[in-house]
Amino acid sequence: MRILMPHLPRAFFARPTLIVARELLGQCLVKVDRRRRLAGIITEVEAYIGEEDLACHARAGRTRRTEVMYWQPGRLYVYFTYGMHWMMNIVTERKGFPAAVLVRGIFPTEGIEGMRQRRGRSTHLTDGPAKIAQAFGIDKQCNGIDLCARDSTLWIERGTPAPNSSVVTGPRVGLGSTPEPWLSKPWNFSMKLSNEPA
DNA sequence: GGCCCGATACTCT
DNA sequence: GAGTATCGGGCCC
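Residues numbered from 1 in each chain as written. Chains lettered and ligands numbered in written order. Predicted model: local features only at pLDDT ≥ 70, side-chain atom pairs only at ≥ 80, totals over all residues. Heavy atoms only, no water.

**Observations regarding the protein's contact with DNA strand B**
Neighbouring residues of DNA strand B: Thr63, Arg65, Phe80, Tyr82, Gly83, Met84 and Lys140. When the atoms of DNA strand B within 4 Å of the protein are grouped by moiety, sugar and phosphate amount to 67% of the total. Within the contact set of DNA strand B, a phosphate oxygen lies 3.4 Å away from a backbone nitrogen or oxygen of arginine 65. Interatomic distance of 2.6 Å between a backbone N/O atom of tyrosine 82 and a base oxygen of DNA strand B. (Near = heavy atom within 4 Å. Polar contact = N/O pair within 3.5 Å; in protein donor to acceptor, adjacent residues only side chain to side chain.)

**Brief notes about the protein's contact with DNA strand C**
Around DNA strand C, a shell composed of 21 residues is seen, among which His85, Met87, Asn89, Arg119 and Gly174 lie nearest. When the atoms of DNA strand C within 4 Å of the protein are grouped by moiety, sugar and phosphate amount to 62% of the total. One nitrogen or oxygen atom from the main chain of alanine 55 is found 3.3 Å from a base nitrogen belonging to DNA strand C. In the model, a phosphate oxygen of DNA strand C is placed 3.2 Å from a nitrogen or oxygen of the alanine 130 main chain. When grouped by side-chain class, the residues that make up the surface near DNA strand C number 10 nonpolar, seven polar and four charged. (Nonpolar A, V, L, I, M, F, W, Y, C, P; charged D, E, K, R; others polar.)

**So, the nonpolar core**
Formed by 40 residues in total, the largest nonpolar core has its most connected members in Phe13, Leu24, Leu29, Leu76, Phe136, Ile138 and Ile156. The element that contributes the greatest number of residues to this core is strand S2 (residues 36–49), accounting for five residues. Beyond its immediate sequence surroundings of up to four residues, leucine 76 is in contact with Val68, Met88, Asn89, Ile90, Ile138, Cys142, Asn143, Gly144, Ile145, Leu147 and Leu154. With 15 residues, the next largest nonpolar core counts Val68, Met69, Ala100 and Leu102 among its residues. (Core = buried A, V, L, I, M, F, W, Y, C linked by side-chain atoms within 4.5 Å. Buried < 20%, exposed > 50% of the residue type's maximum accessible area, 1.4 Å probe, protein only. Helix = DSSP H or I, 4+ residues; strand = E, 2+ residues; numbered from the N terminus. Contact = heavy atoms within 4.5 Å.)

**Some remarks on the packing of aromatic side chains**
For any two aromatic rings, the description comes down to two numbers: the centre-to-centre distance and the angle of the planes. Tallying each qualifying case throughout the model produces four aromatic pairs. Judged by centre distance (5.1 Å) and plane angle (75°), the rings of phenylalanine 12 and phenylalanine 13 are edge-to-face. For the pair shown, phenylalanine 12 and phenylalanine 13 are each scored as buried. Taking NZ or CZ as reference, arginine 15 lies 4.7 Å from the ring centre of phenylalanine 12, over its face. (Phe/Tyr/Trp six-rings, centres within 6.5 Å; stacked < 30°, edge-to-face > 60°. Lys NZ or Arg CZ within 6 Å of the ring centre and 35° of its normal.)

**Regarding unusual backbone geometry**
A cis amide bond links glutamate 180 with the next residue in sequence, proline 181, at an omega value of 5°. Its place among the elements puts proline 181 in the loop between strand S7 (167–170) and strand S8 (188–191).

**A short note on helix H4 (residues 129–136)**
The buried fraction of H4 amounts to six of the eight residues, a majority that puts the element mostly inside the structure. Buried within H4 we find Pro129, Ala130, Ile132, Ala133, Ala135 and Phe136. Looking at the buried side of H4, the elements it contacts are strand S1 (28–33), S2, strand S4 (85–91), strand S5 (99–110) and helix H3 (112–119). A positive backbone phi angle near 65° is found at glycine 137, which sits one or two residues after H4.

Distances and angles like these do not, on their own, reveal function.
What follows is the structure, given as C-alpha coordinates:
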(Lines give C-alpha, C1' and ligand atoms only; values in the text may rest on other atoms or scores of the structure.)
Protein backbone atom coordinates (compact mmCIF):
# COMPACT_ATOMS: atom_id res chain seq x y z
CA MET A 1 0.00 0.00 0.00
CA ARG A 2 1.46 3.31 -1.02
CA ILE A 3 1.63 6.27 1.30
CA LEU A 4 -1.19 8.54 0.17
CA MET A 5 -0.21 11.67 2.04
CA PRO A 6 3.40 12.85 1.94
CA HIS A 7 3.01 15.34 4.82
CA LEU A 8 4.95 14.79 8.02
CA PRO A 9 2.26 13.95 10.58
CA ARG A 10 1.28 16.05 13.57
CA ALA A 11 3.06 13.60 15.87
CA PHE A 12 6.35 14.78 14.37
CA PHE A 13 5.75 18.33 15.64
CA ALA A 14 4.14 17.31 18.95
CA ARG A 15 7.51 16.70 20.61
CA PRO A 16 10.10 18.79 22.47
CA THR A 17 11.02 21.76 20.29
CA LEU A 18 14.76 21.05 20.31
CA ILE A 19 14.10 17.55 18.95
CA VAL A 20 11.77 18.87 16.26
CA ALA A 21 14.27 21.57 15.29
CA ARG A 22 17.14 19.10 14.96
CA GLU A 23 15.05 16.63 12.97
CA LEU A 24 13.67 19.28 10.62
CA LEU A 25 17.16 19.61 9.11
CA GLY A 26 17.13 17.72 5.82
CA GLN A 27 13.33 17.64 5.56
CA CYS A 28 11.62 19.30 2.63
CA LEU A 29 9.35 22.35 2.70
CA VAL A 30 6.76 22.12 -0.09
CA LYS A 31 4.19 24.60 -1.34
CA VAL A 32 1.78 24.08 -4.20
CA ASP A 33 1.44 27.41 -5.92
CA ARG A 34 -0.83 27.72 -8.95
CA ARG A 35 -0.47 23.94 -9.43
CA ARG A 36 3.34 24.17 -9.40
CA ARG A 37 5.54 22.81 -6.66
CA LEU A 38 7.95 25.06 -4.81
CA ALA A 39 10.27 23.02 -2.64
CA GLY A 40 13.56 23.06 -0.78
CA ILE A 41 15.61 21.27 1.84
CA ILE A 42 15.58 22.86 5.29
CA THR A 43 19.17 23.73 6.25
CA GLU A 44 18.85 26.08 9.23
CA VAL A 45 16.29 26.46 12.02
CA GLU A 46 15.93 28.00 15.47
CA ALA A 47 13.89 26.96 18.51
CA TYR A 48 11.78 29.36 20.58
CA ILE A 49 10.36 27.69 23.64
CA GLY A 50 7.67 28.98 25.97
CA GLU A 51 6.89 32.13 27.92
CA GLU A 52 10.04 31.68 30.03
CA ASP A 53 12.27 32.02 26.96
CA LEU A 54 12.81 35.78 26.81
CA ALA A 55 13.74 35.56 23.13
CA CYS A 56 10.38 33.98 22.30
CA HIS A 57 7.53 36.24 21.24
CA ALA A 58 5.35 34.45 23.77
CA ARG A 59 7.37 36.08 26.56
CA ALA A 60 4.60 38.72 26.54
CA GLY A 61 1.99 36.00 26.98
CA ARG A 62 -0.96 35.28 24.80
CA THR A 63 -1.60 38.26 22.49
CA ARG A 64 -3.14 38.67 19.08
CA ARG A 65 0.25 38.18 17.46
CA THR A 66 1.31 35.13 19.49
CA GLU A 67 -2.08 33.43 19.48
CA VAL A 68 -1.09 30.76 16.94
CA MET A 69 1.87 29.63 19.05
CA TYR A 70 -0.68 28.35 21.56
CA TRP A 71 -2.51 26.27 19.00
CA GLN A 72 -1.91 22.63 18.08
CA PRO A 73 1.55 21.62 16.78
CA GLY A 74 1.98 21.61 13.01
CA ARG A 75 0.45 25.05 12.52
CA LEU A 76 2.30 27.84 10.75
CA TYR A 77 3.12 30.95 12.81
CA VAL A 78 3.84 33.89 10.49
CA TYR A 79 4.75 37.32 11.78
CA PHE A 80 5.93 40.64 10.40
CA THR A 81 9.09 42.45 11.49
CA TYR A 82 11.46 45.30 10.67
CA GLY A 83 8.65 47.07 8.87
CA MET A 84 8.92 44.90 5.75
CA HIS A 85 9.70 41.25 6.38
CA TRP A 86 7.63 38.11 7.03
CA MET A 87 9.00 35.16 9.01
CA MET A 88 7.86 31.57 8.95
CA ASN A 89 7.71 29.36 12.06
CA ILE A 90 6.29 25.92 12.73
CA VAL A 91 4.39 25.42 15.99
CA THR A 92 5.63 22.58 18.22
CA GLU A 93 4.93 20.77 21.51
CA ARG A 94 1.39 20.57 22.83
CA LYS A 95 -1.69 22.72 22.43
CA GLY A 96 -1.61 25.52 25.02
CA PHE A 97 2.21 25.61 25.30
CA PRO A 98 3.70 28.35 23.09
CA ALA A 99 6.74 27.11 21.17
CA ALA A 100 7.87 27.13 17.55
CA VAL A 101 10.75 26.57 15.16
CA LEU A 102 11.82 29.46 12.92
CA VAL A 103 12.93 28.38 9.44
CA ARG A 104 16.06 30.40 8.64
CA GLY A 105 17.64 28.58 5.72
CA ILE A 106 16.57 26.44 2.76
CA PHE A 107 18.34 24.89 -0.24
CA PRO A 108 15.91 25.32 -3.17
CA THR A 109 15.16 22.20 -5.19
CA GLU A 110 11.94 22.76 -7.16
CA GLY A 111 10.20 25.80 -8.63
CA ILE A 112 13.38 27.84 -8.67
CA GLU A 113 12.22 30.08 -11.52
CA GLY A 114 9.12 31.01 -9.55
CA MET A 115 11.28 31.83 -6.55
CA ARG A 116 13.51 34.01 -8.72
CA GLN A 117 10.50 35.93 -9.95
CA ARG A 118 9.22 36.57 -6.45
CA ARG A 119 12.66 37.53 -5.16
CA GLY A 120 13.54 39.72 -8.12
CA ARG A 121 17.03 38.17 -8.31
CA SER A 122 18.60 34.91 -9.38
CA THR A 123 20.80 34.06 -6.39
CA HIS A 124 20.44 34.13 -2.60
CA LEU A 125 16.85 33.00 -2.98
CA THR A 126 16.24 31.37 0.41
CA ASP A 127 19.32 31.91 2.61
CA GLY A 128 17.53 33.93 5.28
CA PRO A 129 14.16 33.80 7.03
CA ALA A 130 12.60 36.76 5.24
CA LYS A 131 13.99 35.55 1.91
CA ILE A 132 12.30 32.19 2.43
CA ALA A 133 8.95 33.84 3.08
CA GLN A 134 9.30 35.99 -0.02
CA ALA A 135 10.46 33.14 -2.26
CA PHE A 136 7.60 30.88 -1.13
CA GLY A 137 5.00 33.64 -1.11
CA ILE A 138 4.29 33.35 2.60
CA ASP A 139 2.70 36.29 4.39
CA LYS A 140 -0.03 37.17 6.88
CA GLN A 141 -2.59 35.13 4.95
CA CYS A 142 -0.64 31.98 5.81
CA ASN A 143 -0.65 32.62 9.56
CA GLY A 144 -2.29 29.72 11.37
CA ILE A 145 -2.57 27.30 8.44
CA ASP A 146 -2.22 23.63 9.27
CA LEU A 147 0.78 21.90 7.69
CA CYS A 148 -0.73 18.54 8.60
CA ALA A 149 -4.17 19.02 7.04
CA ARG A 150 -5.03 16.77 4.13
CA ASP A 151 -6.00 19.71 1.91
CA SER A 152 -3.14 22.01 2.86
CA THR A 153 -1.13 23.68 0.06
CA LEU A 154 1.92 23.92 2.34
CA TRP A 155 3.55 21.06 4.21
CA ILE A 156 6.78 19.36 5.28
CA GLU A 157 7.73 16.25 3.32
CA ARG A 158 10.14 13.59 4.50
CA GLY A 159 13.61 14.18 3.10
CA THR A 160 17.03 12.78 3.93
CA PRO A 161 17.74 13.29 7.65
CA ALA A 162 20.89 15.32 8.30
CA PRO A 163 23.70 13.14 9.68
CA ASN A 164 25.13 14.28 13.02
CA SER A 165 28.47 15.00 11.37
CA SER A 166 26.85 17.71 9.24
CA VAL A 167 24.99 19.51 12.05
CA VAL A 168 26.27 22.61 13.86
CA THR A 169 24.55 24.30 16.82
CA GLY A 170 25.04 27.83 18.09
CA PRO A 171 23.28 30.81 19.63
CA ARG A 172 20.19 32.21 17.97
CA VAL A 173 20.59 35.10 15.57
CA GLY A 174 19.43 38.69 15.91
CA LEU A 175 18.32 38.63 19.53
CA GLY A 176 19.86 42.00 20.36
CA SER A 177 19.19 42.93 23.98
CA THR A 178 17.69 39.60 25.07
CA PRO A 179 19.11 38.80 28.54
CA GLU A 180 21.07 35.71 29.51
CA PRO A 181 20.78 32.80 29.67
CA TRP A 182 18.45 33.04 26.69
CA LEU A 183 20.83 35.07 24.55
CA SER A 184 23.39 32.25 24.53
CA LYS A 185 21.18 29.16 24.42
CA PRO A 186 22.54 27.03 21.54
CA TRP A 187 19.15 26.67 19.95
CA ASN A 188 20.17 27.43 16.35
CA PHE A 189 20.68 24.28 14.26
CA SER A 190 22.24 24.29 10.82
CA MET A 191 23.52 21.62 8.47
CA LYS A 192 26.31 21.72 5.95
CA LEU A 193 25.36 20.37 2.54
CA SER A 194 27.99 18.09 1.02
CA ASN A 195 28.19 20.15 -2.17
CA GLU A 196 28.77 23.37 -0.25
CA PRO A 197 32.24 24.60 0.72
CA ALA A 198 33.18 23.89 4.31
C1' DG B 1 34.29 37.58 1.66
C1' DG B 2 33.42 41.50 5.20
C1' DC B 3 31.23 45.99 7.71
C1' DC B 4 27.99 49.80 7.98
C1' DC B 5 23.59 51.78 7.50
C1' DG B 6 18.89 53.10 6.08
C1' DA B 7 14.33 51.42 4.96
C1' DT B 8 9.85 50.49 7.01
C1' DA B 9 5.33 49.43 9.71
C1' DC B 10 3.57 46.46 13.05
C1' DT B 11 3.05 44.96 18.17
C1' DC B 12 2.86 45.82 22.77
C1' DT B 13 3.79 49.24 26.66
C1' DG C 1 6.64 55.83 21.51
C1' DA C 2 10.12 52.18 21.51
C1' DG C 3 11.79 48.08 19.86
C1' DT C 4 12.16 44.79 16.29
C1' DA C 5 13.85 36.41 15.40
C1' DT C 6 16.14 41.42 8.42
C1' DC C 7 17.69 42.71 3.86
C1' DG C 8 20.21 44.85 0.19
C1' DG C 9 23.26 48.39 -1.46
C1' DG C 10 27.50 50.74 -1.04
C1' DC C 11 31.93 50.36 0.00
C1' DC C 12 36.39 48.07 1.06
C1' DC C 13 39.17 44.45 0.95
